[in-house]
Each structure stands twice: as C-alpha cells, then as structure tokens.
Amino acid sequence: CHDSNGELQEFGSHWRNSDCYDCTCSRSGISCCSSFATPVGYDKEKCISIFNKTECAYKIVEKDDHSKECPVHEWVG
C-alpha cells in the first residue's frame, strides 16, 4: 500500500499519519479512522476549538483568552 505521503507500507502494518488518523494496510487497500474525538457540545459563541497535531487532540478555550478552557459536554469520534 502507498500511504498519503507516497511511502510504501507493508500488508498488515499499522501507523498514525500526520493528520492524526490511525491507518492499516491490507490486501484490499488502506483504511484510516480518526484517533481523536471531536468536541460538539460547548458554547460556540464564547469558545473555540483548537486542534493540536502534536497531541492529536482538541483543546476548547475562550475566544478572548486562550488560557481559559471551556467545558465540553459532548464529544464524537
């Protein structure tokens, strides 16, 4: 299998790509799914979600003060 970077992956291999998706290679091709949950239940008028590719996770913070986290009541993924 050739991954999204053009690198050859062996059948039966598993890896996490640069977009934080967990991928596998089989004889039928590559399949990938997200390794992270996406926040959906938070105050979108007051807060924003910021994705950290190093940690493969979202942080929900106030728009006016990124040092203050916002509560999240629902995640999907």
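Conventions and cut-offs
Per chain, residue numbering runs from 1 following the sequence as it is written. In view of the model being predicted, local features appear only for residues whose pLDDT reaches at least 70, and side-chain atom pairs are presented and counted only at 80 or more, with totals across whole chains, interfaces and linings using the full set of residues. Here the side-chain values reflect all heavy atoms present in the structure, with hydrogen atoms and water set aside. UniProt positions are given in the numbering used here, feature names are shortened, and annotations may be inferred rather than shown by experiment. The working definition used for a salt bridge is a side-chain nitrogen of Lys or Arg within 4 Å of a carboxyl oxygen of Asp or Glu. Burial classification: accessible surface area is computed with a 1.4 Å probe over protein chains only, and a residue below 20% of its type maximum counts as buried, one above 50% as exposed, and the rest as partly exposed. When two cysteine sulfur atoms lie within 2.5 Å, the pair is treated as a disulfide. A run of H or I in DSSP becomes a helix once it reaches four residues, and a run of E becomes a strand once it reaches two; helices and strands are each numbered from the N terminus. We call two residues contacting when some pair of their heavy atoms lies within 4.5 Å.

The protein chain goes by MSMB protein in an unreviewed UniProt entry, where it is assigned to Psophia crepitans. Quoted straight from UniProt, the Sequence similarities (unreviewed entry) entry for the protein chain says "Belongs to the beta-microseminoprotein family." Recorded in UniProt for the protein chain, the comment headed Subcellular location (unreviewed entry) runs: "Secreted".

1. Section: the pattern of salt bridges
All chains considered together, the criterion is met by four salt bridges. Across the salt bridge formed by arginine 16 and aspartate 22, the nearest N and O atoms sit 2.8 Å from each other. For arginine 16, a relative accessible area of 46% corresponds to the partly exposed category. Its relative accessible area of 30% is what places aspartate 22 among the partly exposed residues. The shortest N-O distance in the salt bridge between lysine 68 and aspartate 65 comes to 4.0 Å. For lysine 68, a relative accessible area of 44% puts it in the partly exposed group. The exposure class assigned to aspartate 65 is partly exposed, which follows from its relative accessible area of 27%.

2. Here we look at the state of the cysteines
Scanning all chains against the criterion turns up four disulfides. Between the sulfur atoms of cysteine 23 and its disulfide partner cysteine 32 the distance amounts to 2.1 Å. A torsion of 110° about the S-S bond marks the disulfide between cysteine 23 and cysteine 32 as right-handed. In this structure cysteine 23 comes out as buried when scored by relative accessible area, which is 2%. Each bonded cysteine of the protein chain gets a number by its place in the sequence, and the pairs then read 1-4, 2-7, 3-5, 6-8.

3. Observations concerning the side chain of serine 13
With respect to the secondary-structure elements, serine 13 resides in the segment before strand S1 (14-16). Apart from the residues within four sequence positions on either side, serine 13 is in contact with Cys23, Thr24 and Cys25.

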